[in-house]
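Observations on the model geometry
Spelled out, the chains give:
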Amino acid sequence: MPKTKKKSVCIVGSGNWGSAIAKIVGKNAARLPNFEDRVTMYVYEEMINGKKLTEIINETHENVKYLPGHKLPENVVAVPDVCEAAKDADILIFVVPHQFIRTLCSTLLGKIKPTAIALSLIKGFDQKEGGGIELISHIITRTLKIQCAVLMGANLAGEVADEKFCETTIGCRDSHLAPILRDIIQTDYFRVVVVDDEDAVEICGALKNIVACGAGFVDGMSLGDNTKAAVIRLGLMEMIKFVDVFYPGCKLSTFFESCGVADLITTCYGGRNRKVSEAFVKTGKSIAELEGDMLNGQKLQGPITAEEVNYMLKSKGMEDKFPLFTAIHDICVGKLTAQQLIDCIKNHPEHMVKIEGASEQTDVVDD
Ligand SMILES: NC(=O)c1ccc[n+]([C@@H]2O[C@H](COP(=O)([O-])OP(=O)(O)OC[C@H]3O[C@@H](n4cnc5c(N)ncnc54)[C@H](O)[C@@H]3O)[C@@H](O)[C@H]2O)c1
Ligand SMILES: O=P(O)(O)OC[C@H](O)CO
């Protein structure tokens, strides 16, 4: 029987989530016979107390800046040059803040194996000229001409690194590739469900970050749990509508996977977007300033995603159909105050009589 060639894995990114996933992928690669032991991890180089972060990671096996307190497996090797890190990889796991993906893809063009496949863990979109958005996995496929599946879920990096039980969703249309991706990711505490609805999985991961900002504004104003639940529910309804309108053919069932309602909940309670948005209301500082003050180099995705979505909604004249997404964007850029959030959603299009045959208008009886 011919032996199947072992697959080599590269993790493109080494932030908070990149490092947490490196812990899992490194252990799985060393444990499973189908993968090369050595996993490369592209690290955007920076100096920490006069020493290169790559050197610190390779010597101490800890990403002291983005995931302090957690040991990475010794077979995970930090590499500062992305082309060097990716050149031999059969599987490229992309996990950088979404604002950096275009540049990274241009750098990698022509420098990777043509047979490589990608898995994107990146939550966000990119603006397309002329008023649209592009999914990050589509950018990877279009630029690098390789297949790209996605992984999204209720996965706060710190909790995953602590090995607390959670679920995740892989969106992959290729039935041959799906089990390979599942195997490199799954552990007994990190359980994987694979669905074929790739685009919806990715869109859920991006849009929930906008809703998390809304949840943070509500917390900042101490409006309580009922209001926060309303924002989360309206956010979910806008997420579903967004997919329905712009990506028809996706499945409603995808919203009930970890990438949907579960990620929405965890981000609206424990995420960075929520935390910074709460501080935005309480301190009056700008989002950019708070990101710098509070996140030690980690990056917020919600406000930029709100801007990307708004760019598209505006160009299509559809801002009023998505009042929550629109209000959150307007608050982030200072066009509205957080206190105006509730005014924007109290007449939400979701608030209607949902009984077939009933009139939307209250009948007025003349006397
Ligand atoms: N952190 C989480 O809990 C979590 C969980 C699930 C998904 N995600 C998603 O994963 C993606 C990556 O998030 P993260 O938490 O790993 O990153 P992060 O927020 O920790 O971002 C910091 C990373 O960006 C890198 N960086 C800074 N400037 C750069 C540049 N110019 N070019 C390339 N890289 C640069 C830094 O070196 C660092 O590795 C995001 O889309 C995020 O939404 C995050
Ligand atoms: O910390 P956030 O708000 O970027 O959210 C992190 C993850 O996406 C949660 O799954």
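If you're wondering where the values come from, they're calculated on a predicted model, not measured in any experiment. (Residues numbered from 1 in each chain as written. Chains lettered and ligands numbered in written order. Predicted model: local features only at pLDDT ≥ 70, side-chain atom pairs only at ≥ 80, totals over all residues. Heavy atoms only, no water.)

Considerations on the environment of A116
Tracing the backbone shows A116 in the loop between α4 (101-108) and β7 (117-120). Those residues within four positions of A116 in sequence are excluded, and the remaining contacts are A89, D90, L92 and I146. (Helix = DSSP H or I, 4+ residues; strand = E, 2+ residues; numbered from the N terminus. Contact = heavy atoms within 4.5 Å.)

Structural notes on the environment of A327
If you trace the backbone, A327 turns up in helix α14 (residues 323-332). C-alpha separation for the pair A327 and V309, spaced 18 residues apart in sequence, amounts to 12 Å. Excluding residues within four positions of it along the chain, A327 makes contact with L336, L341 and C344.

Quick look at the site of ligand 1
Inspection of the region around ligand 1 gives 23 residues, with N16, W17, K123, A157 and K299 positioned closest. Between ligand 1 and G18 there is a distance of 3.1 Å, counted from an oxygen atom to a backbone nitrogen or oxygen. The separation between an oxygen atom of ligand 1 and a polar main-chain atom of K123 is 2.9 Å. Taking 840 Å² as the accessible area of ligand 1 by itself, protein coverage stands at 91%. Per-element accounting of the shell around ligand 1 gives the leading share, three residues, to helix α1 (residues 16-31). For the shell around ligand 1, a count of residues per class yields 11 nonpolar, eight polar and four charged. (Near = heavy atom within 4 Å. Polar contact = N/O pair within 3.5 Å; in protein donor to acceptor, adjacent residues only side chain to side chain. Areas by Shrake-Rupley, 256 points an atom, 1.4 Å probe, with all protein chains shown as cover. Nonpolar A, V, L, I, M, F, W, Y, C, P; charged D, E, K, R; others polar.)

Regarding the layout of surface pockets
The computed volume of the largest pocket comes to approximately 1000 Å³. Lining the largest pocket are 42 residues; nearest its centre among them are G15, N16, P97, R272 and K299. For the lining of the largest pocket, the secondary-structure elements that each account for two or more residues are α1, α4, α6 (157-161), α8 (198-220), α10 (258-270) and α11 (272-283). Its residues assigned to classes, the lining of the largest pocket comprises 17 nonpolar, 18 polar and seven charged. (1 Å grid on protein atoms, 1.4 Å probe; cavity = no way out; pocket = protein on both sides within 12 Å on 5 of 7 lines; lining within 4 Å. Points joined across faces, edges and corners; volume = space filled by probe spheres on them.)

Observations regarding the pairing of β7
Burial along β7 is two-sided: I117 and L119 facing one way and A118 and S120 facing the other are all buried. Across four bridges, the pairing between strand β6 (residues 91-94) and β7 is parallel. Across the sheet, I93 pairs through a bridge with L119, a residue of β7. Read as a crossover between parallel neighbours, the route from β6 over α4 to β7 is right-handed. Where β7 meets strand β10 (residues 148-152), three bridges bridge the pair, whose relative direction is parallel. Looking at the pairing, S120 lines up with V150 of β10. (Buried < 20%, exposed > 50% of the residue type's maximum accessible area, 1.4 Å probe, protein only. Pairing = 2+ DSSP bridges. Right-handed = clockwise from strand over helix to strand, strands pointing away.)

Quick word on the side chain of H70
Position of H70 relative to the elements: it lies in the loop between α2 (53-60) and β5 (76-79). H70 gets classed as buried once you look at its relative accessible area, which sits at 15%. A distance of 3.4 Å separates a polar side-chain atom of H70 from the backbone oxygen of A161. Among the polar contacts made by the side chain of H70, one reaches the side chain of D162 at a distance of 3.4 Å. The residues touching H70, leaving out its near neighbours within four places in the chain, are K23, H61, E62, G158, A161 and D162.

Considering the UniProt feature "domain: Glycerol-3-phosphate dehydrogenase NAD-dependent N-terminal" (unreviewed entry) in the chain
Under the local residue numbering, the UniProt record ascribes the feature "domain: Glycerol-3-phosphate dehydrogenase NAD-dependent N-terminal" (unreviewed entry) to residues 9-177. From the first C-alpha to the last, residues 9-177 spans 14 Å; its make-up is 31% helix and 28% strand. (UniProt positions renumbered as here; feature names shortened; annotations may be inferred.)

Section: the UniProt feature "domain: Glycerol-3-phosphate dehydrogenase NAD-dependent C-terminal" (unreviewed entry) in the chain
The residues that UniProt annotates with the feature "domain: Glycerol-3-phosphate dehydrogenase NAD-dependent C-terminal" (unreviewed entry) are residues 197-342. Summarising residues 197-342: 72% helix, 0% strand, and an end-to-end C-alpha distance of 33 Å.

With respect to the sheet that holds β6
In space, the eight strands of this open sheet follow the order β5-β2-β1-β6-β7-β10-β11-β12, with mixed pairing throughout. Two strands lie at the open edges of the sheet, namely β5 and β12 (190-195), each paired on one side alone. For this sheet the average axis-to-axis angle between neighbouring strands, irrespective of direction, equals 25 degrees. Against the sheet, helix α5 (residues 136-144) engages β6, β7 and β10, with an angle of about 155 degrees to β10. Of the strands in this sheet, β10, β11 (166-171) and β12 touch α8, which is tilted by about 45 degrees from β10. (Axes fitted to C-alpha atoms, helices over the stretch in contact; angles between N-to-C directions.)

Let's talk about α2
Because an α-helix packs 3.6 residues into every turn, residues spaced three or four apart end up facing the same way. Those residues of α2 that fall on the buried side of the exposure criterion are L53, T54, I56 and I57. For α2, the angular spread of the buried residues around the axis is 165 degrees, confining them to a single face. On its buried side, α2 packs onto β2 (35-42), β3 (47-48), β4 (51-52) and β5. Positive phi appears at H61, one or two residues downstream of α2, with a value of about 60 degrees. (Arc of directions from axis to C-beta.)

Side note on the pairing of β2
Where strand β1 (residues 7-12) meets β2, five bridges bridge the pair, whose relative direction is parallel. The partner of V12 across the bridge, within β2, is Y42. Of the crossover connections in this fold, the one passing from β1 over α1 to the parallel β2 is right-handed. Inspection of the sheet shows β2 paired to β5 by four bridges, in the parallel sense. For T40, the partnering residue across the bridge sits in β5 and is V77.

Considerations on the site of ligand 2
The environment of ligand 2 is formed by K123, G153, A154, N155, L156, K208, D263, T267, G271, R272 and N273. One nitrogen or oxygen atom from the side chain of D263 is found 2.6 Å from an oxygen atom belonging to ligand 2. Summarising the interface, the protein chains cover 92% of the accessible area of ligand 2, which totals 310 Å² for the free molecule. Judged by its atoms lying within 2 Å of the grid points, ligand 2 is housed in the largest pocket. Looking at the shell around ligand 2, the elements with two or more residues in it are α10 and α11. Here the shell around ligand 2 is composed, by residue class, of two nonpolar, five polar and four charged. (Sits in = over half its atoms within 2 Å of the grid points.)

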